[in-house]
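The primary structure of each chain is shown beneath.
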Amino acid sequence: MMDLSEVKTRLGLNADATDEQVAQSLDAAQAILQAATTASTKLGLHAAATPAEIVAMLENGESARVTTLRGKLETMGQEMQELRETVSREKAESWVKELGARKVVNSQVQEVLLSLHMQNPEQAEIMATSLENVPSGLLASFDPAQRKTTAPVATGLAAEIERNMV
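Residues numbered from 1 in each chain as written. Predicted model: local features only at pLDDT ≥ 70, side-chain atom pairs only at ≥ 80, totals over all residues. Heavy atoms only, no water.

K.L.:
For this particular structure, what's the right way to read the overall build of the chain?
P.N.:
Along its length, the chain carries 8 helices and 0 strands. Counting from the amino terminus, the chain carries its helices and strands in the arrangement α-α-α-α-α-α-α-α. The 166 residues of the chain split such that 14% are buried. Long-range pairs, those at least 24 residues apart, make up 34% of the contacts in the chain with a sequence separation of at least 6. Accessible area of the chain: about 13200 Å², with a carbon and sulfur share of 58%. (Helix = DSSP H or I, 4+ residues; strand = E, 2+ residues; numbered from the N terminus. Buried < 20%, exposed > 50% of the residue type's maximum accessible area, 1.4 Å probe, protein only. Contact = heavy atoms within 4.5 Å. Areas by Shrake-Rupley, 256 points an atom, 1.4 Å probe, with all protein chains shown as cover.)

K.L.:
What exactly am I supposed to notice about a nonpolar patch on the surface here?
P.N.:
Together, M80, L83 and V87 give the surface a local cluster of nonpolar side chains, amounting to about 250 Å² of exposed area. Residue placement: M80 occurs in helix α4 (residues 64-100). Using a relative accessible area of 41% as the deciding quantity, one classes M80 as partly exposed. (Patch = residues over 30% accessible without salt bridge, like charges linked within 9 Å, V, L, I, M, F, W, Y side chains within 5 Å. Salt bridge = Lys/Arg side-chain N within 4 Å of Asp/Glu carboxyl O.)

K.L.:
Help me understand the pattern of salt bridges in this model?
P.N.:
Side chains that differ in sign of charge can pair as their charged atoms come close. Considering all chains together, one arrives at 3 salt bridges under this definition. For R10, the salt bridge is made with E6, and the minimal N-O distance between the two is 3.7 Å. In this pair, R10 and E6 are both assigned in helix α1 (residues 4-10), 4 residues apart and thus about one turn of the helix distant. The partly exposed category is assigned to E6, whose relative accessible area is 34%.

See the structure below:
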């Protein structure tokens, strides 16, 4: 067992230090130990990390852990950007589809409006107001899927050739 004079020496006190000075030094040592434990945990080290390990981590600003976390953060940022673009495109496509039910929108204008809506929806809305309204009864005539097409009736020489091909 260690005697009191050795404890005083290890605490950096004189051999004639009072019990109160010893208690203060022990309290200070306990506070330092607590701070070191907290720091080591925040740095990603184990709670019982030595002072040398803590100092090494602090001196190495670009530790492997920090580098790994930066890489993950960059990846997450890229994924978020891709997600934003996907959501923006889906909203724009939905808007253009809805717009096509009210306005005459050809394929070239559709692509321009789609791109513009992804970047600035308000500007796209303003541009859309300049498009012609589709009369409700004529909407089907502008939709190729709803148009009924009939084959032209062959006459004359074309009819004769067609008959002979069968």
